[in-house]
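# Structural overview for review
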Amino acid sequence: MNDRERKQQRISIIGTIASIVIGAGIAWAGSSGSVEAGGVAVFAIAAVLAYVINWVVFVPSYLSRTETYFDLTGSATYVSLILVASLASGDLDTRAVVIAGAVLVWAVRLGSFLFTRVRRDGGDGRFDRIKTDVLRFLMTWTLQALWVLLTLAAALAVITSDDRHDVDGFLVVGMALWLAGFAIEVVADRQKSAFRADPANTGRFITSGLWAWSRHPNYFGEITLWVGIAVAAQPVLSGWRWLLLISPVFVVVLLTRISGIPMLEHRAEKRWRDDPEFRSYTDTTPVLIPRPPSTSRPAG
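Cut-offs and rules
Residues numbered from 1 in each chain as written. Predicted model: local features only at pLDDT ≥ 70, side-chain atom pairs only at ≥ 80, totals over all residues. Heavy atoms only, no water. Helix = DSSP H or I, 4+ residues; strand = E, 2+ residues; numbered from the N terminus. Rg over C-alpha atoms; globule rule 2.2 N^0.38 Å. Buried < 20%, exposed > 50% of the residue type's maximum accessible area, 1.4 Å probe, protein only. Contact = heavy atoms within 4.5 Å. Areas by Shrake-Rupley, 256 points an atom, 1.4 Å probe, with all protein chains shown as cover. Lys, Arg positive; Asp, Glu negative; His and termini not counted. Charge placed at Lys NZ, Arg CZ, Asp CG, Glu CD. Expected span 1.5 Å × (residues − 1). Core = buried A, V, L, I, M, F, W, Y, C linked by side-chain atoms within 4.5 Å. Salt bridge = Lys/Arg side-chain N within 4 Å of Asp/Glu carboxyl O. Patch = residues over 30% accessible without salt bridge, like charges linked within 9 Å, V, L, I, M, F, W, Y side chains within 5 Å.

### A short note on the overall build of the chain
The helix and strand inventory of the chain stands at 10 helices and two strands. Along the chain, helices and strands appear, N-terminal first, in the series α-β-β-α-α-α-α-α-α-α-α-α. In terms of overall size, the chain behaves like a compact globule, its C-alpha atoms giving a radius of gyration of 20 Å where 300 residues would be expected to give roughly 19 Å. By its C-alpha atoms, the chain is 60 × 55 × 30 Å across when sized along the principal axes. Here the chain, with 300 residues, has 45% of them falling under the buried criterion. The contacts of the chain with a sequence gap of at least 6 include a subset with a gap of at least 24, amounting to 81%. For the chain, the computed accessible surface area is about 14,700 Å², with 64% contributed by carbon and sulfur atoms. Of the charged side chains in the chain, 29 are positive and 25 negative, and the gap between their average positions amounts to 8 Å.

### So, helix α8 (residues 246–258)
Along its 13 residues, α8 runs just 16 Å from first to last C-alpha, ending more than 12% under the 18 Å computed at 1.5 Å per residue. Looking only at α8, the buried set comprises S247, P248, F250, V251, L254, L255 and T256. Those residues of α8 that are buried lie in contact with α5 (134–160), α7 (217–233) and α9 (261–272).

### Some thoughts on the environment of A50
Relative to the elements of secondary structure, A50 occurs in helix α2 (residues 42–63). A residue is classified by how much of its surface remains accessible, and A50, at 0% relative accessible area, is buried. Linking A50 and A145, residues 95 residues apart in sequence, is a C-alpha distance of 5.1 Å.

### Here's the deal with the nonpolar core
Among the nonpolar cores identified, the biggest contains 59 residues, and W106, L152, W226 and I229 are the most heavily contacted of them. Of the residues forming this core, the biggest block, 13 residues, is contributed by α5. Discounting chain neighbours no more than four positions away, the residues touching W226 are Y78, V103, W106, T151, L152, S247, P248 and V251.

### Looking at unusual backbone geometry
Even without being a glycine, R65 presents a positive backbone phi close to 50 degrees. Overall, R65 belongs to the partly exposed group, its relative accessible area being 35%.

### Let's talk about the side chain of E185
Of note, E185 is situated in helix α6 (residues 169–197). A relative accessible area of 4% means that E185 is categorised as buried. Those residues in contact with E185, other than ones at most four positions away along the chain, are W106, R109, N218, G221, E222 and L225.

### Considerations on the environment of A100
Note that A100 resides in helix α4 (residues 94–121). Overall, the relative accessible area of 5% leaves A100 in the buried class. Placed 21 residues apart in sequence, A100 and V79 show a C-alpha to C-alpha distance of 9.2 Å.

### Regarding the pattern of salt bridges
Scanning the model with the defined rule gives seven salt bridges in all. The salt bridge partner of D93 is R164, with a shortest N-O separation of 3.8 Å. A residue pair is termed long-range when its members are at least 10 positions apart, and D93 in the loop between α3 (70–88) and α4 and R164 in the loop between α5 and α6 qualify at 71 residues. Under the relative-accessibility criterion, D93 is labelled buried at 16%. Overall, R164 belongs to the partly exposed group, its relative accessible area being 28%. For D189, the salt bridge identified is with R109, shortest N-O distance 3.0 Å.

### Considering a positive patch on the surface
A grouping of R117, R196, R267 and R271 is seen on the molecular surface, where their side chains present a positively charged patch. Judged by relative accessible area, R271 falls into the exposed class, the value being 56%.

Rendered as structure tokens:
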């Protein structure tokens with residue numbers, strides 16, 4: 001084993017441990033004000049379940065050296081946590097029912113979309129080297145568990161809260177934001193899928209529909225819907241539970257600074273940087289927040 005491999009192993013071990021520690025911190029904060037089942041905070045039960053699900057699926061995935069079920073497992077984790085938290089929390093109020101339903105709809109839709117894409121397009125190239133290294137692959141699955149927990153934090157706060165509130169402006173505004181974000185994400189994904197399905201568009205980049213308004217409208221929709229969940233959760237947050245507002249912050253940071261936009265922008269720049277149409281598109285189209293397309297550049 002060379003120095004690079006040793007360094008990568010250390011990073012993988014540290015990353016896995018850090019993911020568990022951060023998850024434990026979120027579980028602790030969320031357990032404050034959470035209903036209990038068998039003397040254990042339901043929020044904590046959901047947090048542990050996120051890791052268990054991903055670790056269980058990691059084993060056969062590593063043995064088969066495949067990432068095929070990675071995205072599907074992520075979606076299944078969202079669904080499992082919402083269902084377990086809802087059933088274990090007993091009688092839910094309207095706010096909890098609405099938010100649980102919204103997350104379930106989002107998770108099932110996105111999970112089926114991503115799984116279909118993987119089955120159609122083949123494996124994810126980012127996993128080619130990771131899936132043959134047990135420590136790196138384990139870290140990836142552990143990070144996914146933390147990803148789900150952080151994203152769901154505000155929603156779980158509502159579902160597991162021992163302090164119920166009537167329908168109010170926070171719920172109405174929050175769900176309006178969620179509905180708008182969900183619609184944008186679905187439409188953007190469908191437009192891009194239809195574009196790629198047309199053989200005439202092979203090797204081209206999409207600049208039509210919502211993609212004429214933003215270079216990443218699907219991510220804008222994703223951020224908007226999770227902000228909506230956080231807004232709807234405001235009345236049940238108190239004490240340490242205010243830390244659960246990390247949910248929309250995490251989504252924003254993840255998509256704009258880590259694995260979303262930066263990765264796709266780099267890939268596009270590398271592929272089309274010498275294309276005048278691409279240069280025009282990037283110069284006139286916002287990276288994230290939609291804006292009416294410039295009349296100087298026809299959408300196509």
